[in-house]
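Overview (structure and organization)
Chain by chain, the residues run as shown.
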Amino acid sequence: MARKILRGIPVSAGISIGKAYFVNRQKERRIPRETIPHHLVAIETQRLRNAVEEVRQGFMDARARVPEELKEHGAIIDSHLMICQDPKLVESAAKNIEERAITAEWALERSINAIGKAFSAIDDPYIRERMQDVRVVGDKIMQALIGTPKPVDLPAGRRVLMAHDLTPADAIELELSKIMSFATAEGGKTSHTGILARSLQIPAIVGVEDLEDSIRDGDLVIIDALKGLIFIDPSEDELAHYGDRKYQFEDYQKAIVKQCHLPAETVDGYRLEVCANIELAEELVQVKDNGGEGVGLYRTEYAFFNKSNMPDEEKLYEEYATLAEQLAPQKVILRTLDVGADKLLDEQAMLDEANPALGLRGIRFCLRYQNVFRMQLRAMLRASVHGNVAIMFPMISGLKELRQARFVLNSVKSELDAEGVAYNPDIPVGIMIELPSAVMIADTLAREVDFFSIGTNDLIQYSLGIDRTNKHVSYLYQPLHPAIVRSIKFVIDAAHKEGIEASVCGEVASDPYCVPILMGMRVDGISIAPQAIPGIKRVIRQIDMEECIELLGDVLTHATVSRINTKVRKRIFKRFPEELSFFASLIEQDDITEP
Amino acid sequence: MEPSGENNSLEVVVCVENELGLHARPAGKVAQLAQSFQADIALCVADQRADAKSILDILSLAAPQGTEICIKASGCDASEALEQIGQLFHDKFEGDT
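Chain B goes by Phosphocarrier protein HPr in an unreviewed UniProt entry, where it is assigned to Halodesulfovibrio spirochaetisodalis. The UniProt entry for chain B carries the following text under Sequence similarities (unreviewed entry): "Belongs to the HPr family."

An unreviewed UniProt entry lists chain A under the name Phosphoenolpyruvate-protein phosphotransferase, with Halodesulfovibrio spirochaetisodalis given as the organism. In UniProt, chain A has this text filed under Subcellular location (unreviewed entry): "Cytoplasm". What UniProt records for chain A under Catalytic activity (unreviewed entry) is the sentence "L-histidyl-[protein] + phosphoenolpyruvate = N(pros)-phospho-L-histidyl-[protein] + pyruvate".

Here it is, written out as C-alpha cells:
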C-alpha cells in the first residue's frame, strides 16, 4: 500500500506517475523543502549565516539612513535587527539544518513556524502581533537565501506540479511543457483551473485535502485523474497496476482520436454539431486535431487578463480575425466579455462586492463599462468579414438586458457604417441561457435572437444555489437534477418553436452519461473542450435516437437525482462499458472507489 | 568555555514595574543588554525559562506588569550582568511605559 492516499476532484482525465514538485503560491516563491547529504550541512549552515548577515547589514544601513524626524520609526528597524540576530531564530534554524539535514530555506521555515506556534498561544494580542515582525524578518532572510524569485522556475525533467491553488493566470505563466500533471489544494469540479488543464491535456486533480501537509518535494506520486486519487510513495503493485492502466487509457485515447473526424451521427442518421469551447487562439490546433466542427464558445476574457494593460481594438480585431480565418467555413461564436465569479478585472475588484457571482458580471459589466464593450463589439464586427462569426451575450437575465445589448451593437454598427468599415450586417446574435430567469422566459427571448447556447455550468450553479468551486457543496452539483433536466428541455423546446437553434456548452455536454439525454431533447449541437470531442463523438456514433428519446422519457418520470443517476448509469454503462471505465463522469462522483 | 551549572549560577528576583509589561521595546532592551555579556542569562517565570539574549524568547514569556521574574546568570561576568539587567527593570526600561 502507498504511504498515504489523498482524494480530490478529478478535473482532467489521465494518469501520471512522477515526482512531486511544489510551487508555493501563497508566498510567491518556492521553498526547496529537500533533504541534503550530510557533508553539505556545513555549507548549508554557512549559506544561512551569510543570508542573515546580508539582511542584518541591510537593517543597519536602513537604520543609519533614518532621518531625525522619523526617529520613531527607527525603533521598528531596531526590533527587526534584534529579531534578525536572535539566537532563537537563527540558531534554531542552524540546528534544524544540522539535525535534520535539510536545506537552509526549509530549516528557516520550520523555525519561523515553531516560533509562530509559540506566539499564537500568547493571550496578549500586542505581543502576539509581534509575530508579524518575525515574519517580515524571516521573509527577508528567505529572500536572501532563494535569491530573486523567477516567475518560471521549474526544474528540468517533467514533474507533477503541486500547488495551493493555480489561477488561470498562474497556469499561463508556468512552463507547462515541463509539467506532467498537477494537483491543487483549492478548486472545485468546474473551476477554470480544471478547464485549463483539460485544454492542455494534462491530468489534474483539484480540491485535494491535506495536499500541502502530506506531500513533500520529490515524493513519488501516482496521479489518478480518472478517479481523483493521489498515491504517495506507492507500492510496487500499485505502480504496476497504474503503469498498465496508463497505457490502456492512452491506447483508448489514441483509438478514439483516430475516428474523431467522422461526423457525429447516430446509427439512425440524426446529426449533431459538435463544436469546441476554447479561450486561446493557440487551441485551434487541438480543435482540428480532435475533430471539432467549429468553435461554439470562444471565451474572450483572456486578452483582458493575460496582460497588465487592457488590449486595444486592433489587438482584439487581430485575435478574432485570425480565429475566423482559420476556422472558415466553420463557425466561431465569440462571447462578449464575461468577467465575474472567479475572474475579476480591476474595475470589478474595486467594487469590492460581497458576492461577485451575483454581482456586476457578464453582460451587466459590459453595459456599465460600455467603452470596453463597444471596443470589443467593433473588433468582433470587423472580424466578421473574415469568416463565419457570431456574437453571443453572456448572463442575460431578462429581455431588457438583451435589448440594451442589441442597442449598443446597433449603435456600433452605425458607427462602422459612418466610417465606411466593412462588417457582416447579418451577423448572427445569440445569448447564453445560464440564469433560471432566462430559462423561464426562453420563449420570449427566442423571438429576439438567432440562437441559444445553454451554459449548464452556471445554470446548475444558479438553479441549485451552489458555488461550484466550493468543495463543501460541490457534491450538490447535479447535472441530472430534475430541475436542470426540465430547464434544458424547456429551453430547447422554446427555441425550436421559434425556429432557432439551441446548443449546450457546459460540462454536461462532455459527459457520456448526459449527452444521450440531451440528444433525446433534440439538442442541435454541443460545444465542449476539444479533447472531450473524440470520446463524445464516438458515443454519439454508437447510439440511436430512439434509444435517447426513450431514455429521456425515463429520466423525466423520476423525481430524485439518485434514481435518475442510477437509471442512466445502468443503461448507458451497459452500452459503453469500455468507454466509461475511463470517464470521470459528473454523475459518478459519489461512488469513487479505490482500485 | 566558562564553567557553568548550578554551582556558580547567580540569581536575582525583579518585578516588571512598567505599565505595559515586558513588551517588544523593553524585551529588546533586555536582550540587547544581555547580548553584551558572555554569561548565560535566563529569565524565569514560574516554570518558564527564557534566554535573556533572545527577544523572541523574552516576548514569549508574555509577562504583564507586576510579574516577578527571577534572573539567573552563570559565567565570568554573571554578577555584573545581573546588576545591570536588574537595574534596567528597576528603571522601568529607561522610561518605556
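It is worth spelling out the interface of chain B and chain A at this point. With 17 residues of chain B at the interface, the matching set in chain A holds 17 residues. The interface formed by chain B and chain A holds one salt bridge in total. The shortest N-O distance in the salt bridge between Asp57(B) and Lys88(A) comes to 2.9 Å. Taken together, the connections running from chain B to chain A amount to four residue pairs in polar contact (both at pLDDT 80 or more). Every element with two or more residues in the side of chain B that touches chain A is listed here: helix H1 (24-35) and helix H2 (55-59) of chain B. The dominant element in the side of chain B that touches chain A, judged by the number of residues it contributes, is H1(B), at six residues.

Our next topic: the pattern of salt bridges. Side-chain pairs of opposite charge can arise where the charged atoms are in close proximity. Residue and element names in this part refer to chain A. Summed over the entire model, instances satisfying the criterion amount to 31 salt bridges over all chains. The partner of Glu-250 in a salt bridge is Lys-246, with the nearest N and O atoms 3.0 Å apart. Placement of the pair is Glu-250 and Lys-246 together in helix H10 (residues 236-258), with a separation of four residues, close to one helical turn. Judged by its relative accessible area of 31%, Glu-250 falls in the partly exposed class. Where Arg-378 meets Glu-415, a salt bridge forms, and the shortest distance between an N and an O atom there is 2.7 Å. On the criterion of sequence distance, the pair formed by Arg-378 in helix H16 (residues 370-383) and Glu-415 in helix H17 (residues 399-419) is long-range, its members being 37 residues apart.

By secondary structure assignment, the location of Asp86(A) is in the loop between helix H2 (71-84) and helix H3 (87-100). Nearest to the buried, unbridged Asp86(A) among oppositely charged side chains is Lys88(A), at 7.4 Å. Of note is the side chain of Asp86(A), whose polar atom sits 2.5 Å from the side chain of Ser54(B). Sequence-distant contacts of Asp86(A), that is, excluding residues within four places in its chain, are made with Glu91(A), Ser54(B), Ile55(B) and Leu56(B).

Time to look at unusual backbone geometry. The peptide bond linking Ala328(A) to Pro329(A) adopts the cis configuration, its omega dihedral lying at 5°. Counting through the fold element by element, Pro329(A) comes out in the loop between helix H13 (313-327) and strand S11 (331-335). Residue Asp210(A) is not a glycine yet carries a positive backbone phi of 65°. Within the element layout of this structure, Asp210(A) appears in the loop between strand S6 (204-206) and helix H9 (211-214). The phi dihedral of Ala62(B) falls on the positive side, at around 45°, and the residue is not glycine. Structurally, Ala62(B) is set in the loop between H2 and strand S4 (68-74).

All right, on to the sheet that holds strand S9 (residues 273-278) of chain A then. Residue and element names in this part refer to chain A. Spatially, the eight strands close up into a barrel ordered S9-S10-S11-S12-S13-S14-S15-S16, and their pairing is parallel. Going across the sheet, the axis of each strand differs from the next one's by a mean of 30°, ignoring polarity. The sheet contacts of H16 involve S11 and strand S12 (388-393), and relative to S12 the element is tilted by about 155°.

What follows concerns a positive patch on the surface. Positive charge collects at one region of the surface, where Arg563(A), Lys567(A), Lys570(A) and Lys574(A) lie side by side. Of note, Lys574(A) is situated in helix H25 (residues 561-575).

This next bit is on the packing of aromatic side chains. Inspection of the entire model under this criterion finds five aromatic pairs over all chains. Here Phe365(A) and Tyr369(A) contribute two aromatic rings whose centre-to-centre distance is 4.8 Å and whose plane-to-plane angle is 35°, an arrangement assigned as tilted. Residue classification places Phe365(A) among the buried residues on the basis of a relative accessible area of 0%. Pairing Phe89(B) with Phe93(B) gives two aromatic rings, centres 5.0 Å apart and planes at 65°, and the pair type is edge-to-face. Using a relative accessible area of 0% as the deciding quantity, one classes Phe93(B) as buried. Sitting over the ring of Tyr317(A), Arg382(A) keeps its end group 4.1 Å from the ring centre. Directly above the aromatic system of Phe576(A) lies the positively charged group of Arg575(A), at a separation of 5.2 Å from the ring centroid.

What counts, and where the lines are drawn
- Residues numbered from 1 in each chain as written.
- Chains lettered and ligands numbered in written order.
- Predicted model: local features only at pLDDT ≥ 70, side-chain atom pairs only at ≥ 80, totals over all residues.
- Heavy atoms only, no water.
- UniProt positions renumbered as here; feature names shortened; annotations may be inferred.
- Contact = heavy atoms within 4.5 Å.
- Salt bridge = Lys/Arg side-chain N within 4 Å of Asp/Glu carboxyl O.
- Polar contact = N/O pair within 3.5 Å; in protein donor to acceptor, adjacent residues only side chain to side chain.
- Helix = DSSP H or I, 4+ residues; strand = E, 2+ residues; numbered from the N terminus.
- Buried < 20%, exposed > 50% of the residue type's maximum accessible area, 1.4 Å probe, protein only.
- Lys, Arg positive; Asp, Glu negative; His and termini not counted.
- Pairing = 2+ DSSP bridges.
- Axes fitted to C-alpha atoms, helices over the stretch in contact; angles between N-to-C directions.
- Patch = residues over 30% accessible without salt bridge, like charges linked within 9 Å, V, L, I, M, F, W, Y side chains within 5 Å.
- Areas by Shrake-Rupley, 256 points an atom, 1.4 Å probe, with all protein chains shown as cover.
- Charge placed at Lys NZ, Arg CZ, Asp CG, Glu CD.
- Phe/Tyr/Trp six-rings, centres within 6.5 Å; stacked < 30°, edge-to-face > 60°.
- Lys NZ or Arg CZ within 6 Å of the ring centre and 35° of its normal.

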